Amino acid sequence: MLETKKVLEYGNKDYINDLQAFGWQATEVISESSGRSHYYYQILARDTNMINYQTLTLLENQYEKIKEQMEFYEEMEIEIVGLLLLLFIIPGVMYITYKLKQKNRINEDNARRKEQMNALVKKARSV
């Protein structure tokens, strides 16, 4: 039996390549429109009767859990920084310090998660 998955193609090339390690095969690209927006989706398929299906599914689920924990840093807003520095020097410096620490923490956490995801992909490829 075949199972399918639809993945937004734009910006997800690495993700699609990683999914192929879990037994997914790219089958077709479809397009969908929503108002003025136009989206392209990669359709992936895999056979549920394939060898090591259960192992690959387990590894993929672990990969997805880690991927969901990824965080994204929001850049400092120049207007807020300027206003805080202009009106209140100490809060402005505190905001800049907070944002720099936040960026470093997010980068470190995401690097650790990416290593875990890559390890799962590597393990899946060896299965």
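These remarks concern the structure in this document. Computed from a predicted structure; not experimentally measured.

The next thing to look at is the overall build of the protein chain. Regarding its fold elements, the protein chain presents four helices and three strands. When its helices and strands are written in sequence order, the protein chain yields β-α-β-β-α-α-α. Taken over the C-alpha trace, the protein chain has a radius of gyration of 21 Å; the compact-globule value for 127 residues is 14 Å, which it surpasses by more than 25%. Looking at the protein chain residue by residue over its 127 residues, the buried ones come to 31%. Long-range contacts, defined here as pairs at least 24 residues apart, represent 62% of the contacts in the protein chain between residues at least 6 apart. Surface exposure of the protein chain reaches about 9100 Å², of which carbon and sulfur atoms provide 55%. Measuring between centres, the 17 positive side-chain charges of the protein chain sit 4 Å from its 18 negative side-chain charges.

With that settled, consider the nonpolar core. In this structure, Val7, Leu19, Phe22, Leu44, Tyr63 and Ala124 are the most contacted members of the largest nonpolar core, which totals 16 residues. Every element with two or more residues in this core is listed here: helix 1 (13-20), helix 2 (53-68) and helix 4 (89-126). In this structure, Val7 is in contact with Asn12, Tyr15, Ile16, Leu19, Tyr40, Tyr41, Gln42 and Leu44, ignoring residues within four places of it in sequence.

All right, on to a nonpolar patch on the surface then. On the surface, a nonpolar cluster with roughly 450 Å² of combined accessible area is contributed by Leu83, Leu86, Leu87 and Phe88. Tracing the sequence through the fold places Leu83 in helix 3 (residues 78-87). The exposure class assigned to Leu83 is partly exposed, which follows from its relative accessible area of 47%.

Here we take up helix 1. Taken together, the buried positions of helix 1 are Tyr15, Ile16, Asp18 and Leu19. Buried residues in helix 1, looked at end-on, bunch into an arc of 160 degrees, giving them a common side. Contact partners of the buried residues in helix 1: strand 1 (2-8), strand 3 (37-47), helix 2 and helix 4.

Any two side chains of opposite charge can pair, so long as their charged atoms come close to each other. With the rule as written, the count across this model stands at 10 salt bridges. Linking Lys13 and Glu9 is a salt bridge whose minimum nitrogen-to-oxygen distance equals 3.6 Å. Relative accessible area serves as the criterion here: at 17%, Glu9 is assigned to the buried category. One salt bridge in this structure joins Asp109 and Arg105, with 3.3 Å as the shortest N-O distance. Within this pair, Asp109 and its partner Arg105 are both found in helix 4, separated by four residues, close to a single helical turn. Exposure remark for Arg105: the relative accessible area of 36% places this residue in the partly exposed category. One continuous salt-bridge network, built from bridges that share partners, spans Glu3, Lys5, Arg46, Glu60 and Glu64.

Rules behind the numbers
Residues numbered from 1 in each chain as written. Predicted model: local features only at pLDDT ≥ 70, side-chain atom pairs only at ≥ 80, totals over all residues. Heavy atoms only, no water. Helix = DSSP H or I, 4+ residues; strand = E, 2+ residues; numbered from the N terminus. Rg over C-alpha atoms; globule rule 2.2 N^0.38 Å. Buried < 20%, exposed > 50% of the residue type's maximum accessible area, 1.4 Å probe, protein only. Contact = heavy atoms within 4.5 Å. Areas by Shrake-Rupley, 256 points an atom, 1.4 Å probe, with all protein chains shown as cover. Lys, Arg positive; Asp, Glu negative; His and termini not counted. Charge placed at Lys NZ, Arg CZ, Asp CG, Glu CD. Core = buried A, V, L, I, M, F, W, Y, C linked by side-chain atoms within 4.5 Å. Patch = residues over 30% accessible without salt bridge, like charges linked within 9 Å, V, L, I, M, F, W, Y side chains within 5 Å. Salt bridge = Lys/Arg side-chain N within 4 Å of Asp/Glu carboxyl O. Arc of directions from axis to C-beta.

By themselves, these observations are geometric and do not establish any function.
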